[in-house]
Amino acid sequence: MSLLTGILVLVLVCAASVSLAAATGRDAAVFPLPIFAGAVCLLLAGGCLGMLQGALWLCYLLLLAGAAALGLRAGRARWLAAASSTGLLFFAAASLVIWALFAVLQPMFVEWDEFTFWGMAAKLLKEKNVLYPADPANLRAVSGLPGLGLVSYFVQGFAADFGEWQCLAGYDMLLMACLSAAAALPRRRWAHSVAVLAGGALLPFFFSVVPAGTASTVYANAMADVPLALLFGGVLCLWFAVGPGRLGMLLTALPLALLTLAKDMGFAYALIAVFVIFLDLLFGREWKRLPRGRFFGGAVGRAAVLAAPVLAAFLSWNAYTAAHLETTGASVGSGGLSYGQVLFGGLAQFLGIDRTGKFADLMGLMADAFFARSVSLVGAPAFAIAAITLVGAAAFAFAQKGAGRRRVAAVWGGLAFCFAAFYLFHLILYYYNFSDVEAYALQDFDRYIGPYLQGWMLAMLCLLGHSAALRTEGVPARLADLALLGASACVAVLFAWRGVPASGFWTDSDSRYLLRQDVKARAAAANQVLDWDDTVLVISQGDNATRWYYYTYELTAQVARGYGGFFNGEDASSRWDSDFMNLVESENWTLYDYKAVCTPPALVAYLEEKGCNYLLIDRADDYLERSFSPLFEGGLTADMPMTLYSFDPDAEVPFTPVAVAESEG
């Protein structure tokens, strides 16, 4: 049944795309991405009004009614002609394969960040039918952007329960929609579209730093890195296909809003896309058709129109979260500086004004990383940009003289300029927003820089496809075809040579899910007792936070945060907030890296302070058995199974077992 629900949504999207294409004369490949984006915008509006589920059914009704009405109006012949679009056929076939494959393999979330926000957000949207700031429950990052979670909600509307593999399949549908837009070339030449699609589909592997022969989560991951990259490139590719008319503006505006809502950096990506479109409007059109005085004003006006949904999406979500979470304003880092202070302070230091030693060190590290830190199969950003430039040079060489070549030059130049600003921005972020250890390690450098380069490459590959498709005869046409084929082939060869993983979204990876399945089984036993109104503290001795994160996702209760340091039950001055905690008896305990010095009275006092009514012991040890047994009815043993205890601080024995799960840890 879960497979059928995904297929129903796929049929609705494809039918609406074909009907829109038949009615407008556009390539059907340009419509899946705006349909997804439009659905997300409608769901966001409905959620802000407290009618998320109603907005979902309205989406389905509009798609069904629109597809039927426009299809009947266009007629059978035009409808069938529109359905033959190479990009749309790819979208439909690839999405269907993903749904069928995932229905069999049923991949699960395994990355930490999927449990701190990305997977949890999608789950809560489906289970609660409200935007999560209005009902934070178990979620920690309650103000994170909702774009991808709403995509998951959209594709699972016909399902009774949330499914992780359905969520992942929905995200892949969105990625296929981005690639479909890139394949919408000015002339219907299927071979050119296939070349763009082949190269584009492999780009997430091309911009991966996972060593060949290891497991890859590309296309089976709920985090925003790949969607951010392909949405960034896909929006530009969509613009290249639809142009500056009224319909083209609408079709571009919707994905720009979705890009804004995809991740915290989506706002910057969307503004960069608007800037590049502005340059394309200035330089990528035939100047003879309009008086020059109207050109600049027209470009500014259209760019302002496209910037409006970006600002609307960003500001509306911030206003919604501020209203529900009672936030007082955004700040960066432990110093609580405003975004303006961070930006201007960082620029001043970059220019040498009051530059600190740490900022100078980070400048050197970022400069070295540009040539030495791998972000792709060709290595560092410098080499990735060289590869992008080669594709752009081929697109320029084979583009039509005049506006065609100006478009390629303007797009490449705009993206290069913005990359320099983007790189500087991340230098400033490392200085203000990271601890010294994280900053000097340039933590997650590839995750921050790679998506921009990936979107840039997709845009250049698409422009090369446009250049080749417009060449119809003679030696230049054959050379353009070879250039497009060669660019896609190089991506494929590098993937086959250096990037093929030992396992990926197409393989059975049950071994990766053993820990997840163990925690899931234990949590299921506890969930027979727990409810969302309950608060539970999870203790798993020896954990490195992995099991704790899994429990925060699986338990139908609010999971209290732990602490690190020393706590005697009264004075909390030597204690700091943490996520999970391993209980130890003294500061000299060296068995666990992450520890909270704790005594029996301190544990009782901490649970009272946090308002807990349950304690879950996932794994015990000798210390718990020796020191805490008197607090627990029946005592504790080091090898005990997972046990959920109710907590009553006024009882003679505060902890009473209420659920037990026998499983191997």
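Scoring rules and cut-offs
- Residues numbered from 1 in each chain as written.
- Predicted model: local features only at pLDDT ≥ 70, side-chain atom pairs only at ≥ 80, totals over all residues.
- Heavy atoms only, no water.
- Helix = DSSP H or I, 4+ residues; strand = E, 2+ residues; numbered from the N terminus.
- Buried < 20%, exposed > 50% of the residue type's maximum accessible area, 1.4 Å probe, protein only.
- Areas by Shrake-Rupley, 256 points an atom, 1.4 Å probe, with all protein chains shown as cover.
- Pairing = 2+ DSSP bridges.
- Contact = heavy atoms within 4.5 Å.
- Axes fitted to C-alpha atoms, helices over the stretch in contact; angles between N-to-C directions.
- Phe/Tyr/Trp six-rings, centres within 6.5 Å; stacked < 30°, edge-to-face > 60°.
- Expected span 1.5 Å × (residues − 1).
- Patch = residues over 30% accessible without salt bridge, like charges linked within 9 Å, V, L, I, M, F, W, Y side chains within 5 Å.
- Salt bridge = Lys/Arg side-chain N within 4 Å of Asp/Glu carboxyl O.
- Left-handed = near helix turned anticlockwise from the far one by under 90°.
- Nonpolar A, V, L, I, M, F, W, Y, C, P; charged D, E, K, R; others polar.
- Parallel < 35°, antiparallel > 145°, perpendicular 65-115°, else oblique.

**Let's talk about the overall build of the protein chain**
Tallying secondary structure elements over the protein chain gives 24 helices and nine strands in all. Principal-axis analysis of the C-alpha atoms gives the protein chain an extent of 90 × 65 × 50 Å. Burial analysis of the protein chain (665 residues in total) assigns 55% to the buried set. Total accessible area computed for the protein chain in this model is approximately 26,900 Å², and 61% of it derives from carbon and sulfur atoms.

**Quick word on the sheet that holds strand β8 (residues 642-647)**
With mixed pairing, five strands are arranged side by side in an open sheet as β2-β1-β7-β8-β9. Strands at the two margins of the open sheet, each flanked by one partner only, are β2 (558-559) and β9 (655-661). In this sheet, β9 lies alongside β8 in antiparallel orientation, the contact comprising six bridges. Looking at the pairing, Met642 lines up with Ala661 of β9. Of the strands in this sheet, β1 (535-540), β2, β7 (614-619) and β8 are in contact with helix α22 (residues 546-554), which crosses β7 at around 135 degrees.

**A look at the packing of aromatic side chains**
Counted according to the given criterion, the structure contains 55 aromatic pairs. Ring centres of Phe205 and Phe495 lie 5.1 Å apart, and the angle between their planes is 55 degrees; this geometry places the pair in the tilted category. Taken as a pair, Phe205 in helix α9 (residues 190-206) and Phe495 in helix α20 (residues 474-499) lie far apart in primary sequence, 290 residues in all. Assessed through its relative accessible area of 6%, Phe205 is described here as buried. Residue classification places Phe495 among the buried positions, given a relative accessible area of 15%.

**A few points about helix α10 (residues 225-242)**
A rise of 1.5 Å per residue sets the reference length of α10, with its 18 residues, at 26 Å; its end C-alpha atoms lie 26 Å apart and thus fit the reference within 8%. In terms of burial, α10 is largely enclosed, as 17 of its 18 residues are buried. Immediately downstream of α10, the backbone of Gly243 shows phi near 75 degrees, a positive value.

**Overview of the environment of Ala159**
Here Ala159 shows up in the loop between α7 (147-155) and α8 (164-182). Overall, the relative accessible area of 11% leaves Ala159 in the buried class. Between the C-alpha atom of Ala159 and that of Ser2, which follows or precedes it by 157 residues, the distance is 6.1 Å. Non-local contacts of Ala159, meaning those with residues more than four positions away in its chain, are made with Thr5 and Lys126.

**Some details on the pairing of β8**
The buried fraction of β8 amounts to five of the six residues, a majority that puts the element mostly inside the structure. Bridge count for β7 against β8 is four bridges, and the pairing is antiparallel. Residue pairing across strands places Leu616 opposite Leu644, the latter belonging to β8.

**Describing the sheet that holds strand β6 (residues 596-597)**
Strand order across the open sheet formed by four strands is β4-β3-β6-β5, with mixed pairing between neighbours. Of all strands in the sheet, those bounded by a partner on one side alone are β4 (575-577) and β5 (583-584). Of the strand pairs in this sheet, β5 and β6 are connected by two bridges, and their pairing is parallel. Opposite Val584, over in β6, you have Val597 as the bridge partner.

**Remarks on the pairing of strand β3 (residues 563-566)**
When β3 meets β4, the two strands line up antiparallel, connected through three bridges. The residue bridging Tyr563 from the neighbouring strand is Asp577, located in β4. The pairing of β3 with β6 spans two bridges and is classified as parallel. When the bridges of β6 are listed, Phe566 appears paired with Val597.

**Points about unusual backbone geometry**
The residue Gln106 is not glycine, and still its phi comes out positive at about 50 degrees. Inspection of the secondary structure assignment puts Gln106 in the loop between α5 (86-105) and α6 (112-128). Even without glycine at this site, Tyr219 takes up a positive phi of about 70 degrees. Inspection of the secondary structure puts Tyr219 in the loop between α9 and α10. A residue is classified by how much of its surface remains accessible, and Tyr219, at 8% relative accessible area, is buried.

**Observations concerning the environment of Arg76**
Along the polypeptide, Arg76 turns up in helix α4 (residues 76-83). Linking Arg76 and Ala22, residues 54 residues apart in sequence, is a C-alpha distance of 9.2 Å.

**Notes on a nonpolar patch on the surface**
On the surface, a cluster of nonpolar side chains totalling about 360 Å² of accessible area is made up of Leu343, Phe344, Leu347 and Phe425. In terms of residue count, the dominant contributor to the nonpolar patch is helix α14 (residues 339-350) (three residues). Structurally, Leu347 can be placed in helix α14.

**Remarks on the packing of helix α2 (residues 32-48) against helix α3 (residues 52-74)**
Look at α2 against α3: their axes get within 8 Å of each other, and the N-to-C directions meet at 150 degrees. Of the two possible hands of crossing, α2 and α3 adopt the one that is right-handed. Only Leu52, Ala55, Leu56, Leu58, Cys59, Leu62 and Leu63 of α3 make contact with α2, whose side of the interface consists of Ile35, Ala39, Leu42, Leu43, Gly46 and Gly47. For the contact of α2 with α3, the class distribution of residues is eleven nonpolar, two polar and no charged.

**Let's talk about α8**
Across its 19 residues, α8 extends 28 Å between first and last C-alpha, which sits within 8% of the 27 Å expected from 1.5 Å per residue. Among the 19 residues that make up α8, 19 are buried, leaving the element largely enclosed by the rest of the structure.

**Here we look at the pattern of salt bridges**
Close approach of charged atoms allows side chains of opposite charge to pair. By the definition in use, this model includes 16 salt bridges. Between Arg447 and Asp225 there is a salt bridge, and its shortest N-O distance comes to 2.8 Å. Placement of Arg447 in helix α19 (residues 445-470) and of Asp225 in helix α10 is noted, with a sequence separation of 222 residues between them. Looking at Asp225, the relative accessible area reads 16%, which means it is buried. Arg575 serves as the salt-bridge partner of Glu609, at 2.7 Å between the closest nitrogen and oxygen. Of this pair, Glu609 sits in helix α23 (residues 600-609) while Arg575 sits in strand β4, and the two are 34 residues apart along the sequence.

**A word on the packing of helix α16 (residues 381-398) against α20**
For the pair α16 and α20, the least separation of the axes is 10 Å and the interaxial angle reads 165 degrees. Here α16 is positioned roughly antiparallel relative to α20, judged by the angle of their axes. Crossing geometry of α16 relative to α20 is assigned as left-handed. Seen from α16, the contacting residues are Val391, Ala394 and Phe398; seen from α20, they are Pro476, Leu479, Ala480, Ala483 and Ala487. Of the residues that constitute the contact of α16 with α20, the class distribution is eight nonpolar, no polar and no charged.

**Observations concerning the environment of Phe344**
Among the secondary structure elements, Phe344 is positioned in helix α14. Sequence separation between Phe344 and Ile428 is 84 residues; the distance between their C-alpha atoms is 9.7 Å.

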